[in-house]
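# Structural overview for review
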Amino acid sequence: MDREVERTLEALLDERRTFAPPEAFAKAAILNDPSVYTEAERDPDAWWETQAERLDWFVRWERVLEWEPPHHRWFLGGQLNASHNCLDRHLAENADRVAYHWIGEPGEKRSVTYGELHEEVCKLANVLKELGVQKGDRVAIYLPMIPELPAAMLACARIGAAHSVVFGGFSAESLRDRINDAEAKVLITADGGYRRGDVVPLKTNVDEALTATPSIEKVVVVQRTGEDVPMQEGRDLVYSELVANASPDCDAEALDSEHMLYILYTSGTTGKPKGIVHTTGGYLTGVSSTHRSIFDLKPETDVYWCAADIGWVTGHSYIVYGPLANGCTSILYEGAPDYPDKDRWWSIVEEYGVTILYTAPTAIRTFMKWGPDFPRKHDMSSLRLLGSVGEPINPEAWIWYQEFIGGGRTPVVDTWWQTETGAIAISPLPGITTLKPGSATKPYPGVFADVVDESGRGVGPGGGGYLVLKRPLPSMFRTIYGDDQRYRETYFSKFGDDIYFPGDGAKLDDDGYFWLLGRVDDVMNIAGHRISTYEVESALVDHPAVAEAAVVGRRHPQEGEAIAAFVTPKAGREGDEDFAVELRAHVAKVIGKIARPHSIVFTDDLPKTRSGKIMRRLLRDVAEGRALGDVTTLQNAPILDEIRTKANSLQGDES
Ligand code: WTA
């Protein structure tokens, strides 16, 4: 294991307190009998069937699992509809229950009931049909966090079209690539959205993206900001006008369990993002099961808030499909946590009596930095459970979260999963599991995880290595859109075609608890978002004055990792502050603001092996200001001293 991982581990092991489920919590919990683990281990298919039975099926499945490595299919022969499961089946008893309390960043409030959401979805589904969208087609969605976003996803699901949601922070180019890869027919977007008081110009990005997207026929535009945006005659249509004229009757299509529900793009180790394909029956089974058990969800009384963006998988699974399938009331907040002030979230918790909060360590560390006075201003006694996702949570942040947000009473569930797994795979069950701050604890019932060495052998308690899943989960992706070969190579070749390799390092402690240690590939985790070093390098060398670039992730106190770039300018271009500013803007344009390098070091050369391969490992040492690892294969040693001097002068501004 490398030194970096060892260091993380040392820090983790400093915090040795454990937290058994509070007695009252355990007593009232949905799951409080550990036999759920042994039962699921004994007969995982039977366990997943009980979870699938919580859904409404038009036709029951004939077979639970068909596993032909590396492919797996679930609930074969079954038919259902995700939109029906998220909406229609709640109407008889709970049409008036609020699905989303929506809060716009500038301060608007709108509560949408299940009945209202159902009507909106049916109308929009009819609109899509009128625009020519058919079962199996792809619809791109590029929207801010407004109720129309889940409505658009469910409208697609209702008619069997797959949605591809593109995060609103992505650039025009990123949007274009995703539209083209999926060959989307229709795009649903908005004039703009709000972020920290500014308007995000979504429609401007769309117009730029659509200059080269031959598959797009129509664009449906939600008027969110009301700004005057150009509308292209014959292509662009106003959402509210279309919906106002649409019929509220639209039957949910009976779809095969394996029908494609959505594509969601995520960064891989090459430049081209991967279109992760999720299907209907298994995915919905996994997300609704985990959402209920891990968040101990009581839909009648809980007010649940997953503070992610729907543009990422966390929002797909735990703002839209899981919570709606379980019929619960969620918060949907459009904007930034510090707008207008740093207590915005806590004022929402107080006002709506939020009981469950699910967020990322990067947010928690930012709140830590802002200090406990902001949460202290509000009565947050309604909170009874906290969750964490997206990156390893350091024990200090875990304890702070529990203490200052959870009032010292709430369990904290650290949940490990990925875009690919679709649903949480390793996590405590809060009524059963004794928590260890920093550990995601144990695989969810029905999940067979292990930590193995390079040869694929289990390392056993106390050992470290690679995380693997030895059996598929129903919620797991089925392939990479249009590139099944890449699916095989990326995930099912390292240890054999029946062992899923997620790309994470992990350690097992003596109690068999899993400690996730971050990515072992060239994917960085920036504020809980996956960005590959290669993507950022490609964006940098795309600039006409860049000769060469190397990118590595370096530790960052709030964001987990920061992007450190090393750039060789072409002859004639000065590597000065102006150029750094220009390059950051260029990366924002090519990928999106989240991928902008935090630091750029200009250098005449990069450390390379004799065969010309850039030694990123050494750059990582430099970026983190530590002693260099093995330099024997380095060809141009003196360049490292030069780079190091420059890099040192850039640090120290980030606490
Ligand atoms: C990391 C987000 C440690 C991990 C749901 C994984 C975590 C990647 C955790 C997936 C956690 C996610 N502890 N690491 N609790 N949760 N990760 O696809 O490296 O955006 O591979 O899915 O985030 O990121 P993705």
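Parameters and conventions
- Residues numbered from 1 in each chain as written.
- Predicted model: local features only at pLDDT ≥ 70, side-chain atom pairs only at ≥ 80, totals over all residues.
- Heavy atoms only, no water.
- Pairing = 2+ DSSP bridges.
- Helix = DSSP H or I, 4+ residues; strand = E, 2+ residues; numbered from the N terminus.
- Axes fitted to C-alpha atoms, helices over the stretch in contact; angles between N-to-C directions.
- Near = heavy atom within 4 Å.
- Polar contact = N/O pair within 3.5 Å; in protein donor to acceptor, adjacent residues only side chain to side chain.
- Areas by Shrake-Rupley, 256 points an atom, 1.4 Å probe, with all protein chains shown as cover.
- Buried < 20%, exposed > 50% of the residue type's maximum accessible area, 1.4 Å probe, protein only.
- Contact = heavy atoms within 4.5 Å.
- Domains from an automatic or database assignment.
- Buried area = accessible area lost by both parts, 1.4 Å probe.
- Salt bridge = Lys/Arg side-chain N within 4 Å of Asp/Glu carboxyl O.
- Nonpolar A, V, L, I, M, F, W, Y, C, P; charged D, E, K, R; others polar.
- Parallel < 35°, antiparallel > 145°, perpendicular 65-115°, else oblique.
- Left-handed = near helix turned anticlockwise from the far one by under 90°.
- Patch = residues over 30% accessible without salt bridge, like charges linked within 9 Å, V, L, I, M, F, W, Y side chains within 5 Å.
- Lys, Arg positive; Asp, Glu negative; His and termini not counted.
- Charge placed at Lys NZ, Arg CZ, Asp CG, Glu CD.

## Focus: the sheet that holds strand E22 (residues 464–469)
- Within the open sheet, the four strands sit side by side as E21-E22-E24-E25. Their pairing is antiparallel. The outermost strands of the open sheet, each flanked by one partner alone, are strand E21 (449–452) and strand E25 (514–519). Each strand axis lies, on average, 40 degrees off the axis of its neighbour in the sheet, ignoring direction.
- Pairing of E22 with strand E24 (residues 504–508) involves three bridges; the strand directions are antiparallel.

## Describing the site of the ligand
- Taken together, 17 residues are adjacent to the ligand, and Asp414, Thr415, Thr419, Asp504 and Arg530 come closest.
- In the model, a nitrogen atom of the ligand is placed 2.7 Å from a nitrogen or oxygen of the threonine 415 main chain.
- For the ligand, an oxygen atom lies 2.7 Å from a polar atom in the side chain of aspartate 504.
- Burial of the ligand by the protein amounts to 97% of the accessible area it has alone, namely 530 Å².
- Going through the elements one at a time, helix H12 (313–325), strand E20 (412–415) and E25 are the ones with two or more residues in the shell around the ligand.

## Remarks on the environment of glycine 422
- With respect to the helices and strands, the residue glycine 422 is situated in the loop between E20 and E21.
- A relative accessible area of 0% places glycine 422 in the buried class.
- Spatially, the C-alpha atom of glycine 422 lies 15 Å from that of histidine 529, the residues being 107 residues apart in sequence.
- Among all residues touching glycine 422, those that are not within four sequence positions of it are His278, Tyr283, Val287, Ser317, Trp417 and Ser475.

## Side note on the domain arrangement of the protein
- Its domain assignment divides the protein into domain 1 (39–81 + 261–450 + 471–503), domain 2 (112–253) and domain 3 (521–647).
- Placing a centre on the C-alpha atoms of domain 1 and another on those of domain 3 gives a separation of 32 Å.
- Interface area, domain 1 with domain 3, both sides summed: about 1,400 Å², of which 47% is carbon and sulfur.
- It is Ser267, Thr269 and Trp312 in domain 1 that bury the most area against domain 3; as a group they hold 36% of the surface buried on that side.
- Viewed at the interface, domain 3 and domain 1 are joined by one salt bridge.
- In this structure, glutamate 420 engages arginine 530 in a salt bridge whose closest nitrogen and oxygen atoms are separated by 2.9 Å.
- It is helix H14 (residues 361–370) that provides the largest number of residues to the side of domain 1 that touches domain 3, a total of four residues.
- When its residues are assigned to classes, the side of domain 1 that touches domain 3 shows two nonpolar, 12 polar and five charged.

## Section: the packing of helix H5 (residues 82–94) against H12
- Packing of H5 against H12 brings their axes to within 8 Å, and their N-to-C directions diverge by 50 degrees. In terms of orientation, H5 lies oblique with respect to H12. In terms of crossing hand, the pair formed by H5 and H12 is left-handed. Only Tyr321, Leu324 and Ala325 of H12 make contact with H5, whose side of the interface consists of Ala82, Asn85, Cys86, Arg89 and His90.
- Class assignment of the residues belonging to the contact of H5 with H12 gives a composition of five nonpolar, two polar and one charged.

## Some points on a negative patch on the surface
- Negative charge collects at one region of the surface, where Glu574, Asp576, Glu577 and Asp578 lie side by side.
- Looking at the secondary structure, you find aspartate 578 in helix H19 (residues 577–590).
- For aspartate 578, a relative accessible area of 58% translates into the label exposed.

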